[in-house]
Amino acid sequence: MSAPRHAGPPRPAEWLASVLLDERARDPILGDLYEGYEAVRRARGPGAARRWYWINAARSIIACRITGHRQQDRRRYDFES
């Protein structure tokens, strides 16, 4: 029997971000979200990581749509979210 494999970031949130983020910001933000997801998953488990991903994907989408710029502090992972 093989070791259980985690499912990864929530696909609906990942899809929304890929559709709603502007072209210049899309790949870097999705990469940062994935890295943050993995860090939270290792620290607090997959449920917390999925919640973290949804919250931060929404924040990134809103920031890009309102300001037209990515958040400056993109490497800060807020584990409390």
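Residues numbered from 1 in each chain as written. Predicted model: local features only at pLDDT ≥ 70, side-chain atom pairs only at ≥ 80, totals over all residues. Heavy atoms only, no water.

A. Examining the packing of aromatic side chains more closely. With the rule as written, the count across this model stands at one aromatic pair. Geometrically, the ring pair formed by Y37 and Y53 is edge-to-face, given 6.2 Å between the ring centres and 80° between the ring planes. Residue Y37 is located in helix α2 (residues 23–44), and its partner Y53 is located in helix α3 (residues 46–67); the two are separated by 16 residues in the primary sequence. Pair check on accessibility: Y37 and Y53 agree, each one buried. (Phe/Tyr/Trp six-rings, centres within 6.5 Å; stacked < 30°, edge-to-face > 60°. Helix = DSSP H or I, 4+ residues; strand = E, 2+ residues; numbered from the N terminus. Buried < 20%, exposed > 50% of the residue type's maximum accessible area, 1.4 Å probe, protein only.)

B. The arrangement of a nonpolar patch on the surface in detail. A contiguous nonpolar patch, built from W15, L16, V19, L20 and W54 and spanning about 470 Å² of accessible area, is present on the exposed surface. In terms of residue count, helix α1 (residues 11–20) provides more of the nonpolar patch than any other element does, four residues in total. With relative accessibility at 39%, the residue W54 sits in the partly exposed group. (Patch = residues over 30% accessible without salt bridge, like charges linked within 9 Å, V, L, I, M, F, W, Y side chains within 5 Å. Areas by Shrake-Rupley, 256 points an atom, 1.4 Å probe, with all protein chains shown as cover. Salt bridge = Lys/Arg side-chain N within 4 Å of Asp/Glu carboxyl O.)

C. Here's a closer look at α3. For α3, built from 22 residues, the straight-helix expectation of 32 Å at 1.5 Å per residue is met to within 8% by its first-to-last C-alpha distance of 31 Å. Of the positions making up α3, those classed as buried are A48, A49, W52, Y53, N56, A57, S60, I61, A63 and C64. Considering only its buried residues, α3 is in contact with α1 and α2. (Expected span 1.5 Å × (residues − 1). Contact = heavy atoms within 4.5 Å.)

D. View of the environment of R41. Mapping R41 onto the fold places it in helix α2. Residue R41 is classed as partly exposed on the basis of its relative accessible area of 22%.

E. Layout of the pattern of salt bridges. Under the counting rule described, the total for this entry stands at two salt bridges. Measuring nitrogen to oxygen at the nearest pair gives 2.8 Å for the salt bridge that ties E38 to R41. Here R41 and E38 lie together in helix α2, a separation of three residues that amounts to about one turn. With a relative accessible area of 9%, E38 lands in the buried category. Through salt bridges with shared partners, one network takes in E38, R41 and R42.

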